[in-house]
Amino acid sequence: MNTSADHQVIVALDFADRSAAEALVARLGGACGFYKVGLELLTAAGPDLVRGLVDRGHEVFLDLKLFEIPNSVAGAVRAAGALGASMVTVHSMGGTGIMTAAVDAAREFPGLRVLALTVVTSMTGSDLTDIGIGSGRGGSGSGSGVSTDEQVLRLARLAAEAGCDGVVGSPREAGPLRRLLGPDRLIVTPGVTLPGGETGGEAGGHARSDHARSDTPWAAFAAGASHVVVGRSVTRATDPVAALRRVAAGPRGAAGR
Ligand code: C5P
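It should be emphasised that the depicted structure is a prediction, and the values quoted were computed from it without experimental measurement. Numbering of residues starts from 1 in each chain and follows the order in which that chain's sequence is written. This being a predicted model, a pLDDT of at least 70 is required before a residue's local features are given, and a value of 80 or more before pairs of side-chain atoms are given or counted; all residues contribute to the totals for chains, interfaces and linings. Water and hydrogen atoms play no part in the side-chain values, which are based on all heavy atoms of the structure.

Caption draft 1: Up close: the packing of aromatic side chains. In summary, the pairing rule links any two rings of Phe, Tyr or Trp, Trp by its six-membered ring, whose centres are within 6.5 Å, and it sorts them by plane angle into stacked for under 30 degrees, edge-to-face for over 60 and tilted for everything else. For the structure shown, the criterion picks out 0 aromatic pairs. Whether a charge sits over a ring comes down to the Lys NZ or Arg CZ being within 6 Å of the ring centre and within 35 degrees of the ring normal. Over the ring of Phe61 we find Lys36, and its NZ or CZ is 5.9 Å from the ring centre.

Caption draft 2: Fine view of the pattern of salt bridges. Salt bridge, as used here, is a side-chain nitrogen of Lys or Arg placed within 4 Å of a carboxyl oxygen of Asp or Glu. Under the defined criterion, the tally for this structure stands at 7 salt bridges. Arg107 is paired through a salt bridge with Asp104; the nearest N and O atoms lie 2.8 Å apart. Three exposure classes are used, based on accessible area relative to the maximum for each residue type with a 1.4 Å probe and protein chains only: buried under 20%, partly exposed in between, and exposed over 50%. Judged by its relative accessible area of 60%, Arg107 is exposed. For Asp215, the salt bridge is made with Arg172, and the minimal N-O distance between the two is 3.8 Å. Taken together, the positions of Asp215 in the loop between helix H9 (197-208) and helix H10 (217-223) and Arg172 in the loop between strand E6 (166-168) and helix H8 (174-181) put the pair 43 residues apart, joining distant regions of the chain. Here Arg172 falls in the exposed class, since its relative accessible area comes to 56%. Through salt bridges with shared partners, a single ionic network connects Arg18, Glu22 and Arg56. Here a helix means four or more residues in a row that DSSP labels H or I, a strand means two or more in a row labelled E, and each is numbered from the N terminus.

Caption draft 3: Local environment of the environment of Ala76. Tracing the sequence through the fold places Ala76 in helix H4 (residues 70-83). The sequence separation of Ala76 and Ala102 amounts to 26 residues, and the corresponding C-alpha distance is 8.5 Å. Apart from the residues within four sequence positions on either side, Ala76 is in contact with Leu64 and Leu66. Note on contacts: a residue pair is in contact if any heavy atoms of the two residues lie within 4.5 Å.

Caption draft 4: Seen up close, the sheet that holds strand E1 (residues 9-12). Read around the barrel, 8 strands follow the order E1-E2-E3-E4-E5-E6-E7-E8 and close on themselves; strand pairing throughout is parallel. Strand after strand, the sheet turns through a mean of 25° between neighbouring axes, direction not considered. At least two DSSP bridges between two strands are required for those strands to pair. Bridge analysis of E1 against strand E8 (residues 227-230) gives 3 bridges, and the strand direction is parallel. Following the sheet pairing, Ile10 is matched in E8 by Val229. Those strands touched by H4 are strand E3 (59-66) and strand E4 (87-91), and its axis lies near 165° from that of E3. Axes here mean lines fitted to C-alpha atoms, for a helix over just the part in contact, with angles spanning 0 to 180 degrees between N-to-C directions.

Read these as spatial facts, not as claims about activity.
Right, dumping it as structure tokens:
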């Protein structure tokens with residue numbers, strides 16, 4: 001996996017069609033080396049889009065969020081590997097069986113990393129309570145059930161034991177996850193927002209509404225994230241290249257806005 005700076009910020013191509021996605025890719029040019037393709041674009045545009053990105057030298061994080069029987073998870077992981085994806089996601093809440101199926105299936109694709117989703121970053125403690133897991137307090141609350149933080153770490157431990165290459169977690173969890181997982185595993189952090197300013201104000205406003213456990217990309221990196229995923233703060237910015245540079249430059253770059 002390419003570890004250069006332009007491969008540490010992953011831009012989410014959350015578009016409804018291929019032409020909009022390709023327009024953004026063309027606009028970002030060499031500024032971005034890593035794209036996330038999720039279920040919306042994959043379903044609308046098909047796998048050719050992924051092949052095309054890979055053929056042009058980009059890495060692709062195929063965010064399939066797999067939660068299926070192990071046999072089907074393995075098949076989907078092999079399909080992702082055959083497309084040339086660099087990362088694919090599986091839900092750790094699906095348990096050890098599907099994570100090991102994913103890890104085993106990925107072995108024939110040396111460039112493919114399996115990431116486990118822990119608690120999706122838009123979920124709060126009360127969401128966990130609703131599905132019968134949490135304490136209802138969120139954050140580090142210590143009710144009778146499991147807090148969001150505890151659940152994230154519990155799932156991350158399970159993912160590591162299953163052999164996953166890393167986890168997806170919110171910026172707020174990057175630090176505890178890094179301490180738990182050690183220096184080598186990937187910690188990929190979506191749910192980042194840019195504070196105020198030209199691009200953050202424009203796109204960050206609505207982005208914040210579904211980022212229950214969000215923080216800035218710089219805080220995520222400082223806490224130990226290996227990669228951050230950024231979507232609307234870049235893709236809907238007036239100047240996407242400037243917004244991406246701002247993410248990559250860190251707070252000092254932001255101070256100049
Ligand atoms: O919000 P933004 O546009 O930056 O989202 C980029 C990507 O991050 C989305 O594709 C989504 O899958 C992921 N995301 C997430 N949790 C959130 C918000 C976004 O995992 N709370």
